[in-house]
Structure formats: C-alpha cells, structure tokens
Amino acid sequence: IDPVRYIADRSSGAQGSAIAQALVGLGARVTFISGPASAPMPEGVDLVRVETAAEMLTAVQRNLPADGAVFAAAVADWRVASASDSKIKKDGSGALPVLEFAENPDILATVSQMKEGRPGLVVGFAAETDHVLDHATAKRLRKGCDWIVANDVSPETGIMGGSENDVTLISETGAEDWPRMGKQAVADRLAAKMAEVLGG
Ligand code: CTP
C-alpha cells in the first residue's frame, strides 16, 4: 500500500515448504520460489525470494524448463493499483483513504497454458471455503493444470496457518479423498505420486 503497509493473507507457506522438502528427499533438483512466508524454508533447494505476484511470475518463467511444477503459493489475487511512495497520512479531516485494486497475473494459469515448454506435470492448489469439490474441479479445468490439490480453508478447519491438511487430489481421472494428516505427510504422498508419473 505504502512503504510501511502491505496486504497479506493467513497462509504460512508450510504446505509448499513441505512439498519441496519431500521432493528433495526423493532426489529431485528443486527450485523453491517463495513469497514472504513464516514457515521454515526447505533445505537443499535453490531458493528464490520474491515479494509480489509479478516477481513470482518472472521468477517462475526464468526457472523453466522443469519436469514438474507445483504451485502452492497463496498468491494475492489483487494488488493496490498505485502504491504510494510515501506513507499515507491522516490529514485530520477524518477522510478515509480509498484503495483501488488491479488484478495480479495468474501464475498457475499462465504456466499451465504455455504453448511451448510447459512442464510435463503441473500441480495447482485450490483453497476453498465452500463447495470445495465443485469449485476445485472447475478451477482445474479453468486454469489448465493436470492435478489440483483441493483443501477447505474455512476458519473452523484450522488448515490455513495450521500444521494439518485435509485434501482431495483431483485429476482428469477423478477425485481422491485423502484422510486428514500432517502437512509433511500430505507432501510426502504428493511427492511420491509425482515421482510415479515423472518416472523418478
Ligand atoms: N494462483 C496463481 N496466481 C494467482 C492466484 C492463484 O498462481 N494470481 C494459484 C495458486 O498458487 C493455486 C491456484 O492458483 O495453485 C488456485 O489458487 P486459489 O487461491 O485457490 O484460487 P484463485 O485463483 O484465487 O481463484 P478464486 O478466486 O476463484 O478462488
């Protein structure tokens, strides 16, 4: 918004970190592109730090080609259209600031729809609060990724920012409901499935 304020969300980045760690454990060479996250960074990866969605898209494109790509970042859908270079001050009149937004690039959709050089396996996430399966199934088709990991991020699930996840893996062939388990266990299972497909 301005030099001292920003818009963020409740994601910790833990699920993405865990997936990168699991893939490293299976012997993959992993580039980990991370926004500001509170979860510990994975070890044994090439780490690229970014702050904005536009920077993340550029970093992703720079680091292709890849056999597989996982998009677990909670990318902001919108950014403030014209961020202020100086701190926005109260002027004493009680007038409230008005923020205008612009839509961010959709990184997962951009990569999924690449005509040339698309990764062989593109995995996205779907964070939903209602009609999880329907929304996530539609999201997979709309974005064009191969798999989508759907999760219910309603506050009562404690998933966003928590240590456990309850996911459904959706692919062209159907939906697989996994039991609720730790985020590292979800990551291990997902990485193993990726390795099966990618021949690792
Ligand atoms: N994603 C992305 N770039 C964005 C927004 C989302 O790459 N600008 C990716 C996320 O990393 C995730 C997937 O798209 O893999 C779905 O994100 P999600 O927040 O569930 O959905 P949205 O794209 O925001 O769609 P909606 O607003 O309809 O829920």
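In the block above lies the structure referred to throughout.
Description of the structure in this document. (Residues numbered from 1 in each chain as written. Predicted model: local features only at pLDDT ≥ 70, side-chain atom pairs only at ≥ 80, totals over all residues. Heavy atoms only, no water.)

1. Some details on the sheet that holds strand S7 (residues 147-152)
In plain terms, the rule: At least two bridges found by DSSP between two strands are what make those strands a pair. Secondary structure follows DSSP: runs of H or I at least 4 residues long count as helices, runs of E at least 2 residues long count as strands, and numbering of each begins at the N terminus. Lines fitted to C-alpha atoms define the axes, with helix axes restricted to the stretch in contact, and inter-axis angles between N-to-C directions lie between 0 and 180 degrees.
Read from one edge of the open sheet, 5 strands run S3-S6-S7-S9-S10, paired in mixed fashion. In this open sheet, the two strands that pair with only one neighbour each are strand S3 (68-71) and strand S10 (174-177). With direction set aside, neighbouring strand axes in the sheet form an average angle of 20 degrees. Here S7 runs beside strand S9 (residues 167-171); their pairing, made up of 4 bridges, is antiparallel. Bridge pairing in S9 places Asn151 opposite Val167.

2. Quick notes on the packing of helix H1 (residues 14-25) against helix H5 (residues 183-198)
What counts, and what does not: Angle categories are assigned with fixed cut-offs, so that under 35 degrees is roughly parallel, over 145 is roughly antiparallel, 65 to 115 is roughly perpendicular, and the rest are oblique. Note: crossing handedness is left-handed where the near helix turns anticlockwise from the far helix by less than a right angle, and right-handed where it turns clockwise. Contact between two residues is taken to exist if any of their heavy atoms lie within 4.5 Å; hydrogens are not considered. Three categories are distinguished: nonpolar for Ala, Val, Leu, Ile, Met, Phe, Trp, Tyr, Cys and Pro, charged for Asp, Glu, Lys and Arg, and polar for the others, with Gly belonging to the last.
Orientation of H1 relative to H5, taken along the N-to-C sense of each, is 45 degrees, at an axis distance of 8 Å. By the criterion of interaxial angle, the relationship of H1 to H5 is oblique. In this structure, the crossing between H1 and H5 has a hand that is right-handed. Between H1 and H5, the contacting residues are Ala14, Gln15, Ala18, Ile19, Gln21, Ala22 and Leu23 on the first element and Lys183, Gln184, Val186, Ala187, Asp188, Leu190, Ala191 and Met194 on the second. Among the residues forming the contact of H1 with H5, the class breakdown is 10 nonpolar, 3 polar and 2 charged.

3. Let's talk about the layout of surface pockets
Our working definition: Residues are called lining when one of their atoms sits within 4 Å of a cavity or pocket point, these points coming from a 1 Å grid over the protein atoms alone, where a cavity is a set in which a 1.4 Å probe fits but cannot get out and a pocket is an open set with protein on both sides within 12 Å along at least five of seven lines. Grid points are joined across faces, edges and corners, and a volume is the space filled by probe spheres set on the points.
Approximately 250 Å³ is the volume found for the second largest pocket. Lining the second largest pocket we find 14 residues, and of these Arg5, Ile88, Lys89, Lys90 and Pro97 sit closest to its centre. By residue class, the composition of the lining of the second largest pocket is 6 nonpolar, 3 polar and 5 charged.

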